[in-house]
Each structure stands twice: as structure tokens, then as C-alpha cells.
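Spelled out, the chains give:
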Amino acid sequence: MDADSDVALDILITNVVCVFRTRCHLNLRKIALEGANVIYKRDVGKVLMKLRKPRITATIWSSGKIICTGATSEEEAKFGARRLARSLQKLGFQVIFTDFKVVNVLAVCNMPFEIRLPEFTKNNRPHASYEPELHPAVCYRIKSLRATLQIFSTGPT
């Protein structure tokens, strides 16, 4: 590959995690008995509820805190969280949708070349750390963006 060639990278968002609060106590047993697509984890005090559109999984605590995972955009995460709040309202809870926040975004990107991890780590200290005995990727932290990248060596397939 020559230096003049432009390479477009496809960055694919695979998971957006968000949290919100309902401002009311949630009876997990009632949700488990009357809700749809629900798994009751009584031993850890939470309920998992799945939505089909958008495809998200919500972890619900009796305190009213809810974590939603599986969305592929911030808009989809907010839409799913609102749909979930609405379904809890339909079960009879006095839900007020509040404190919505995206807390994590997971994206993947394939580079058109292989990365030599030991050299990359050496050239990018203190941001990069590599422990091949523990994990096959370099952990690269960008503090100003509050971002962490997992960089694997695999090149084009």
C-alpha cells in the first residue's frame, strides 16, 4: 500500500449503554409476574427485561435505577429507555423518566494492516499498556476523551 492511497475506516458502534432513573420504587416480583420478556434474578435483586424494538436489555433494580444495553446509537438507547419506562408505567408504576445518561459506547474498527503490539506499546508510553500473559490486546487510554481502546495485532483477513 502506498502512502498516497486513502483508506476509509468503517467504525461500527456495537453497543451503547445508558442509565436512567424512574423516581419511584419498583416491585421486582410484580414486574416478573406481569411483565413480558422478563428474567427475575431474585438472588441478586434485579430483573432483566428485553425489548425487541429496539433490541435492548434492561437491568432493573427496585430502587428505580435502570441500565439499558444493546443499542447501536444514542438515539436508539434513549428511545429504548423511554419505551421501557412506558412499559413499567403500564404495569402500574408512577415512573418519571429522569437522569438519562449514556455511560459507555463500544465500537469496533478493522485496520488494513497489522499492528506490532510490543513496538506500539513502547512508542506510546504512558498511554499504552500491554500484558500478553493476561490479555491479547494493548490497552490504550486517552484521558482527555475518557476513552479506552483495546488494540489487537490482527491485520487484514
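The shown structure was predicted, so the numbers you read here are calculated from the model rather than taken from an experiment.

Points about the overall build of the protein chain
Here is step 1: Per the secondary structure count, the protein chain includes 3 helices and 9 strands.
Here is step 2: Along its sequence from the N terminus, the protein chain presents helices and strands in the succession β-α-β-β-β-β-α-β-α-β-β-β.
Here is step 3: Radius of gyration (C-alpha) of the protein chain: 21 Å, far over the 15 Å computed for a compact globule of 157 residues.
Here is step 4: Dimensions of the protein chain along its principal axes, counting C-alpha atoms only, are 60 × 35 × 30 Å.

A closer look at the pairing of strand 8 (residues 138–142)
Here is step 1: One ladder, built from 3 bridges, connects strand 7 (residues 128–130) with strand 8; its direction is antiparallel. Across the sheet, the residue bridging to Ala128 is Tyr140, located in strand 8.
Here is step 2: Pairing between strand 8 and strand 9 (residues 147–151): 5 bridges, direction antiparallel. Within strand 9, the position partnered with Tyr140 by the bridge is Leu149.
Here is step 3: If you look at the hairpin formed by strand 8 and strand 9, you'll find 4 residues sitting between the two strands, and Arg146 has a positive phi there, around 50°.

Here we look at the environment of Gly64
Here is step 1: Within the secondary structure, Gly64 is located in the loop between strand 4 (56–61) and strand 5 (65–71).
Here is step 2: Under the relative-accessibility criterion, Gly64 is labelled buried at 1%.
Here is step 3: Put simply, Gly64 and Ile11 are 53 residues apart on the chain and 34 Å apart in space, counted from C-alpha to C-alpha.

Some points on the domain arrangement of the protein chain
Here is step 1: Domain annotation of the protein chain identifies domain 1 (11–107) and domain 2 (112–151).
Here is step 2: Put simply, the middle of domain 1 and the middle of domain 2, counted by C-alpha atoms, are 33 Å apart.

Thoughts on the sheet that holds strand 7
Here is step 1: Pairing is antiparallel in the open sheet, where 3 strands are placed in the order 7-8-9. Looking at the sheet topology across the chains shown, the edges are occupied by strand 7 and strand 9. Sheet twist, expressed as the average angle between the axes of neighbouring strands with direction ignored, equals 20°.

Re the side chain of Thr22
Here is step 1: Residue placement: Thr22 occurs in the loop between strand 1 (11–21) and helix 1 (28–34).
Here is step 2: For Thr22, a relative accessible area of 0% translates into the label buried.
Here is step 3: A distance of 3.1 Å separates a polar atom in the side chain of Thr22 from the backbone oxygen of Cys24.
Here is step 4: With residues near it in sequence (within four places) discarded, Thr22 still touches Gly64, Ile66, Leu88, Gln94, Val95 and Ile96.

Cut-off values and rules
- Residues numbered from 1 in each chain as written.
- Predicted model: local features only at pLDDT ≥ 70, side-chain atom pairs only at ≥ 80, totals over all residues.
- Heavy atoms only, no water.
- Helix = DSSP H or I, 4+ residues; strand = E, 2+ residues; numbered from the N terminus.
- Rg over C-alpha atoms; globule rule 2.2 N^0.38 Å.
- Pairing = 2+ DSSP bridges.
- Buried < 20%, exposed > 50% of the residue type's maximum accessible area, 1.4 Å probe, protein only.
- Domains from an automatic or database assignment.
- Axes fitted to C-alpha atoms, helices over the stretch in contact; angles between N-to-C directions.
- Polar contact = N/O pair within 3.5 Å; in protein donor to acceptor, adjacent residues only side chain to side chain.
- Contact = heavy atoms within 4.5 Å.

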